[in-house]
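Structural characterization, general
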Amino acid sequence: MVKDIDKIINDCNNSNNVEYVKAVAKDIVLTDPYTICHFAEHVDLVDDPTIMPILEKGILSFADIVHTYEFMFLMVDCKRKYFNLPAFEKIIRNSKNPKLMLYCIGYVPGIDILQMVEALYETKSIKHIEKLREKEYGLEDIIDWDEYDEQCEIARETKYFPEILKQYQKPGVNLLNSVLQSKDPYLINELADYLEYLRDYQCYDSVDEFLEILGYAMARIPEPLHHYEYAASITFSDKEMFENLVVKSALIKYIYYTYEYVPGANKNRLKEIIERSDDLKYKDKIGFNKQYPGYEG
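Conventions we followed
- Residues numbered from 1 in each chain as written.
- Predicted model: local features only at pLDDT ≥ 70, side-chain atom pairs only at ≥ 80, totals over all residues.
- Heavy atoms only, no water.
- Helix = DSSP H or I, 4+ residues; strand = E, 2+ residues; numbered from the N terminus.
- Areas by Shrake-Rupley, 256 points an atom, 1.4 Å probe, with all protein chains shown as cover.
- Lys, Arg positive; Asp, Glu negative; His and termini not counted.
- Charge placed at Lys NZ, Arg CZ, Asp CG, Glu CD.
- Salt bridge = Lys/Arg side-chain N within 4 Å of Asp/Glu carboxyl O.
- Buried < 20%, exposed > 50% of the residue type's maximum accessible area, 1.4 Å probe, protein only.
- Phe/Tyr/Trp six-rings, centres within 6.5 Å; stacked < 30°, edge-to-face > 60°.
- Core = buried A, V, L, I, M, F, W, Y, C linked by side-chain atoms within 4.5 Å.
- Contact = heavy atoms within 4.5 Å.
- Polar contact = N/O pair within 3.5 Å; in protein donor to acceptor, adjacent residues only side chain to side chain.
- pLDDT = per-residue confidence, 0-100.
- Axes fitted to C-alpha atoms, helices over the stretch in contact; angles between N-to-C directions.
- Parallel < 35°, antiparallel > 145°, perpendicular 65-115°, else oblique.
- Left-handed = near helix turned anticlockwise from the far one by under 90°.
- Nonpolar A, V, L, I, M, F, W, Y, C, P; charged D, E, K, R; others polar.

1. Things to note about the overall build of the protein
A tally of regular secondary structure across the protein gives 19 helices and zero strands. Once the C-alpha set of the protein is aligned to its principal axes, its extents read approximately 60 × 40 × 40 Å. With an accessible surface of roughly 15000 Å², the protein has 49% of that area assigned to carbon and sulfur atoms. With 35 positive and 52 negative side-chain charges, the protein shows a spacing of 3 Å between the two charge centroids.

Structure below.
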């Protein structure tokens, strides 16, 4: 993330000038996905029909589907009315990534849930389709449960393989080595997710050693979003190692995500870090203001 991003954000918020913010946005999209997301999250004037498309195209230019989802989640969370939610929904559906589809269903209000559920069914990933029954998704009165049972049965009888890894389905190509050599955090996460699917649904044993190797490979890549996501979604992952990496990044948003969504995280430690920070948004999310009524920031 750009080092002086907080000063840039303060300057934009103090300017009240849409043209100035637009000019800054054009520079921001030339930086990195973390800076784009942070800027779009914390500058209210980006919610403008001439600025939001600049940021949308900027985040998509990185072709990082996890950051694409992150941007989508943040813009909905911030209630940006000029954000093109249907376009981003379509990108997630077209990615054929069942985990990101499930995230959208559970955590992105306003999406077309039934359309996303149908796309999830099409992936044939029983690991993710089964989760639709969990209460946190709130689908009790929304989806057709007879169809759900039918789709679960089809998925159980179908051997799932991640769409993004099909590029390595070639004779003589070693999938693990190819992913490790790519040093791509998304591919590493997808392979780890696939190995857990093989273990849990296809009766493959002896995958934990490979998962450990993938975890170390992920940890060497300086990507706090992907570190958090790996810890949150991969059951066999070193939660403490990834928590430490996220804390080391000093990015309060990902520290909050780890606090909220990573099973086994040290919640007291993470909460204390958030409380000591200057990030009012995530302090509020952990109830700091309610806990200390006299707190004014």
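2. A word on the pattern of salt bridges
Pairing of side chains with opposite charge becomes possible as their charged atoms draw close. This structure, assessed with the given rule, holds 19 salt bridges. Ionic pairing is found between Lys 253 and Glu 70, a salt bridge with its closest N-O pair at 3.4 Å. Here Lys 253, found in helix H16 (residues 252-261), pairs with Glu 70, found in helix H5 (residues 65-77); they are 183 residues apart in sequence, far enough to count as distant. Neither residue differs from the other here; Lys 253 and Glu 70 are each classed as buried. A salt bridge links Glu 243 to Arg 269; the nearest nitrogen and oxygen atoms lie 2.9 Å apart. Taken together, the positions of Glu 243 in helix H15 (residues 239-249) and Arg 269 in helix H17 (residues 267-276) put the pair 26 residues apart, joining distant regions of the chain.

3. Things to note about the packing of aromatic side chains
Inspection of every chain in the model, using the stated rule, returns 21 aromatic pairs. Seen from their ring centres, Trp 145 and Tyr 148 are 5.0 Å apart, and the 75 degrees between their planes marks the pair as edge-to-face. Taken together, the positions of Trp 145 and Tyr 148, both in helix H10 (residues 145-156) and three residues apart, correspond to about one turn of that helix. Centroid distance Tyr 257 to Tyr 261: 6.3 Å. Interplanar angle 55 degrees. Geometry classified as tilted. Of this pair, Tyr 257 and Tyr 261 both sit in helix H16, separated by four residues, roughly a single helical turn.

4. Considerations on the nonpolar core
Nonpolar side chains tend toward joint burial in soluble globular proteins. Core analysis: the largest hydrophobic core is formed by 100 residues, its most contacted members being Phe 39, Leu 55, Phe 71 and Met 72. If near-sequence neighbours (up to four positions away) are discounted, Met 72 is found in contact with Phe 83, Leu 85, Phe 88, Glu 89, Ile 92, Cys 104, Val 108 and Ile 111.

5. As for the side chain of Lys 22
As for its placement among the helices and strands, Lys 22 is situated in helix H2 (residues 18-28). Among the polar contacts listed, one links the side chain of Lys 22 to the side chain of Thr 50, at a separation of 3.5 Å. Apart from the residues within four sequence positions on either side, Lys 22 is in contact with Thr 50, Ile 51 and Ile 54.

6. Points about the confidence of the model for the protein
Averaged over all residues, the pLDDT of the protein is 94; the fraction at 70 or higher stands at 97%. Counting interchain partners and residues more than four positions distant, the pLDDT-below-50 stretch residues 292-297 has five contacts.

7. Some remarks on the packing of helix H1 (residues 5-15) against helix H3 (residues 33-42)
At their nearest, the axes of H1 and H3 sit 10 Å apart, and the two run at 30 degrees to each other. Compared by their axis directions, H1 and H3 come out roughly parallel. The hand of the H1/H3 crossing is right-handed. On the side of H1, the interface is formed by Ile 5, Asp 6, Ile 8, Ile 9, Cys 12 and Asn 13, while H3 contributes Thr 35, His 38, Phe 39 and His 42. By residue class, the composition of the contact of H1 with H3 is five nonpolar, four polar and one charged.

8. A look at the environment of Glu 209
Mapping Glu 209 onto the fold places it in helix H13 (residues 208-219). A relative accessible area of 57% means that Glu 209 is categorised as exposed. Considering only alpha carbons, one finds Glu 209 and Ile 142, 67 residues apart in sequence, at a separation of 40 Å.

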